[in-house]
Amino acid sequence: EEAASFNCSALRVFAGGYDLNWDEYSPRIADALASCLETAQKNNVVMALEDHGALCKNSAEQLFYINKINSPYLRATADIGNYWHPGGERPVDGVKNIAGFVAMVHVKDYVIINNTPVACPSGDGIIDLKTSFRLLKDSGFDGYLSLEYECQTGIPQHGISTSLSNIRKLTAAC
């Protein structure tokens, strides 16, 4: 209802549940999401489930909820960087698996420093954003790409400008 009052057509949601057992709690999360469907439909707002970690950290877990609930009012937020970290799958594979269900997209990138993923300006890291963007476009996604800037180094204004420039170049090549 709040999202509708701001004319938002999609609302990012999470499965939550850090330190909870998948087998025990994922059915409860599915039931909780399903209990919101009537309100979502009444207000014409899509719940966009993010691959954010815990009980929904990759495309397989997103698809579990989406397929179980089977409603156009539950779709996905494709956080491209999250498929890899913390999701444990190649971002291109995560995007490919979920592309037909995407309502929102978050873009971020990483480099590896001392075997640790470190956020960097989007397009400067190791994630294949161009292929990810192409997969989304080919699936019919025509929404916005939201920059999720998480860099802890450098000057944020420069990193944000670099990210936006890189994203524009990569999407133009699609």
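So, here is what we can say about the structure in this document. (Residues numbered from 1 in each chain as written. Predicted model: local features only at pLDDT ≥ 70, side-chain atom pairs only at ≥ 80, totals over all residues. Heavy atoms only, no water.)

1. Let's talk about unusual backbone geometry
If a residue is not glycine, its phi is most likely negative; likewise, a peptide bond is most likely trans.
Working step 1: Look at the link from histidine 85 to proline 86: it is a cis peptide, with omega at 25°.
Working step 2: Here proline 86 shows up in the loop between helix H5 (80–84) and helix H6 (91–98).
Working step 3: The phi angle at asparagine 115 is positive, at roughly 60°, despite the residue not being glycine.
Working step 4: Mapped onto the secondary structure, asparagine 115 falls in the loop between strand S5 (109–113) and strand S6 (116–120).
Working step 5: A residue is classified by how much of its surface remains accessible, and asparagine 115, at 75% relative accessible area, is exposed. (Helix = DSSP H or I, 4+ residues; strand = E, 2+ residues; numbered from the N terminus. Buried < 20%, exposed > 50% of the residue type's maximum accessible area, 1.4 Å probe, protein only.)

2. With respect to the pattern of salt bridges
Working step 1: Throughout the structure, instances matching the rule amount to 9 salt bridges.
Working step 2: The closest approach of N and O atoms between glutamate 50 and arginine 12, which form a salt bridge, is 3.0 Å. You can see glutamate 50 sitting in strand S2 (residues 46–50) and its partner arginine 12 sitting in strand S1 (residues 10–13), a full 38 residues away along the chain.
Working step 3: When its relative accessible area of 0% is taken as the criterion, glutamate 50 is described as buried.
Working step 4: A salt bridge links lysine 108 to glutamate 148, with the shortest nitrogen-to-oxygen separation between them at 3.4 Å. Here lysine 108, found in the loop between strand S4 (102–107) and S5, pairs with glutamate 148, found in the loop between strand S7 (145–147) and helix H8 (156–172); they are 40 residues apart in sequence, far enough to count as distant.
Working step 5: With relative accessibility at 4%, the residue lysine 108 sits in the buried group.
Working step 6: Judged by relative accessible area, which is 18%, glutamate 148 ranks as buried.
Working step 7: Salt bridges linked by common partners bring Asp79, Lys108, Glu148 and Glu150 together as one network. (Salt bridge = Lys/Arg side-chain N within 4 Å of Asp/Glu carboxyl O.)

3. Thoughts on the nonpolar core
Working step 1: By size, the foremost hydrophobic cluster in this structure holds 37 residues, and its most contacted members are Leu33, Leu49, Tyr65, Leu74, Ile80 and Ile98.
Working step 2: Broken down by element, this core gets its largest block of residues, 4 residues, from helix H4 (residues 59–69).
Working step 3: For leucine 33, the residues in contact, after removing those within four places along its chain, are Val13, Met47, Leu49, Tyr65, Ile69 and Leu74. (Core = buried A, V, L, I, M, F, W, Y, C linked by side-chain atoms within 4.5 Å. Contact = heavy atoms within 4.5 Å.)

4. A word on the pairing of S4
Working step 1: For strand S3 (residues 74–79) and S4, the ladder comprises 4 bridges, and the chain directions are parallel. What sits directly across from aspartate 79, in S4, is histidine 106.
Working step 2: Examined bridge by bridge, S4 and S7 share 3 bridges and lie parallel to one another. Bridge pairing links valine 105 to leucine 145 in S7. (Pairing = 2+ DSSP bridges.)

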